[in-house]
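Next come the chains, spelled out residue by residue.
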Amino acid sequence: SFNNKNNNVVVGISRDARTLYFVNASPFQKMNGIYFSKRAGTSWIRPQLLSIPGIDNFDFLGFFVAPDEDVIFLSMKAPDSKGNEDLYFSVKDAGGYWIKPRNLGTTINTTGYEISLFLSGDKRRLYFSSNGHGGEGDADIFYSDRLYDSWETWSVPVNLGSQLNSKKFDAYFSVYGDSVAYFTSNRDDKYAD
């Protein structure tokens, strides 16, 4: 029930590994948002669309759902975007419903694009890729630290440097544990590995 002829991508797993969040994307149709499925024993229930207001986008749309399921980060182009794709966040209101995504602001977002989000396990550091902050090449990986326990206030982005970033496209950075990180790059070829 997860896989079909479209692109199927996991964008989050709950901390207890009982809820899976994913997107179902096709270059020929509008993406409606995130789907989720809950595990019941050894099976998964039928996927359901997660309702987040304000997602109405024919362009690129990226997501990251935090394991505690309390914040969702998005990369998308919206009427208030500064550039091609900006970073946004959504949290739940008092009734448990996701709010309309809010722009992370000009400290992070540029006239270029900001994409491929990953939030650290302690929810203090946001990793993302951008071609609007300068750096080594096409898109570099940066991080920004959350300030004042606010989802809206972030430090000036820091480039991860030339030992990781290349003159080409570098993105989709994620950290697991204290010493292992994964990312994607097309530094060695036309396509990303």
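Rules and cut-offs
- Residues numbered from 1 in each chain as written.
- Predicted model: local features only at pLDDT ≥ 70, side-chain atom pairs only at ≥ 80, totals over all residues.
- Heavy atoms only, no water.
- Helix = DSSP H or I, 4+ residues; strand = E, 2+ residues; numbered from the N terminus.
- Buried < 20%, exposed > 50% of the residue type's maximum accessible area, 1.4 Å probe, protein only.
- Lys, Arg positive; Asp, Glu negative; His and termini not counted.
- Salt bridge = Lys/Arg side-chain N within 4 Å of Asp/Glu carboxyl O.
- Polar contact = N/O pair within 3.5 Å; in protein donor to acceptor, adjacent residues only side chain to side chain.
- Contact = heavy atoms within 4.5 Å.
- 1 Å grid on protein atoms, 1.4 Å probe; cavity = no way out; pocket = protein on both sides within 12 Å on 5 of 7 lines; lining within 4 Å.
- Points joined across faces, edges and corners; volume = space filled by probe spheres on them.
- Nonpolar A, V, L, I, M, F, W, Y, C, P; charged D, E, K, R; others polar.
- Pairing = 2+ DSSP bridges.

Enquirer: Give a description of the side chain of Arg146 that names residues and reports values.
Expert: Secondary-structure assignment places Arg146 in the loop between strand E12 (140-145) and strand E13 (158-159). Of the side chains with opposite charge, Asp149 lies nearest to the buried Arg146, which makes no salt bridge, at 4.4 Å. There is a polar contact of 3.0 Å between the side chain of Arg146 and the backbone oxygen of Lys123. With residues up to four places along the chain from it excluded, the contact list for Arg146 reads Lys123, Arg124, Trp151, Thr153 and Trp154.

Enquirer: Explain the layout of surface pockets residue by residue, including any values.
Expert: Reported here for the second largest pocket is a volume of approximately 160 Å³. Taken together, Thr19, Tyr21, Phe36, Lys38, Leu50, Ser51, Glu69, Lys92, Gly96, Tyr97 and Trp98 form the lining of the second largest pocket. Elements that contribute at least two residues to the lining of the second largest pocket include exactly strand E2 (19-25) and strand E3 (34-40). When its residues are assigned to classes, the lining of the second largest pocket shows 5 nonpolar, 3 polar and 3 charged.

Enquirer: Help me get a handle on the sheet that holds strand E11 (residues 125-130), residues and values and all.
Expert: Strand order in the open sheet formed by 4 strands is E10-E11-E12-E13, and the pairing between neighbours is antiparallel. Every other strand in the sheet has two partners, leaving strand E10 (114-119) and E13 as the edge strands with one partner each. Taken together, the 2 bridges between E12 and E13 define a ladder with antiparallel strand orientation. Of the residues in E13, the one forming a bridge with Tyr143 is Val158.

Enquirer: Would you mind going over the pattern of salt bridges in detail, with residue names and values included?
Expert: A full pass over the atoms with the stated rule returns 7 salt bridges. Between Arg102 and Glu152 there is a salt bridge, and its shortest N-O distance comes to 3.5 Å. Of this pair, Arg102 sits in strand E9 (residues 102-103) while Glu152 sits in the loop between E12 and E13, placing them 50 residues apart in sequence. A relative accessible area of 41% places Arg102 in the partly exposed class. Close ionic contact of Arg124 with Asp149 constitutes a salt bridge, the shortest N to O distance being 2.7 Å. Placement of the pair is Arg124 in the loop between E10 and E11 and Asp149 in the loop between E12 and E13, with a sequence separation of 25 residues. Its relative accessible area of 29% is what places Arg124 among the partly exposed residues. Of the residues examined, Asp149 reaches a relative accessible area of 58% and is grouped as exposed. Connected via shared salt-bridge partners are Arg15, Asp68, Asp70 and Lys123.

So yeah, pure geometry; function would need other evidence.
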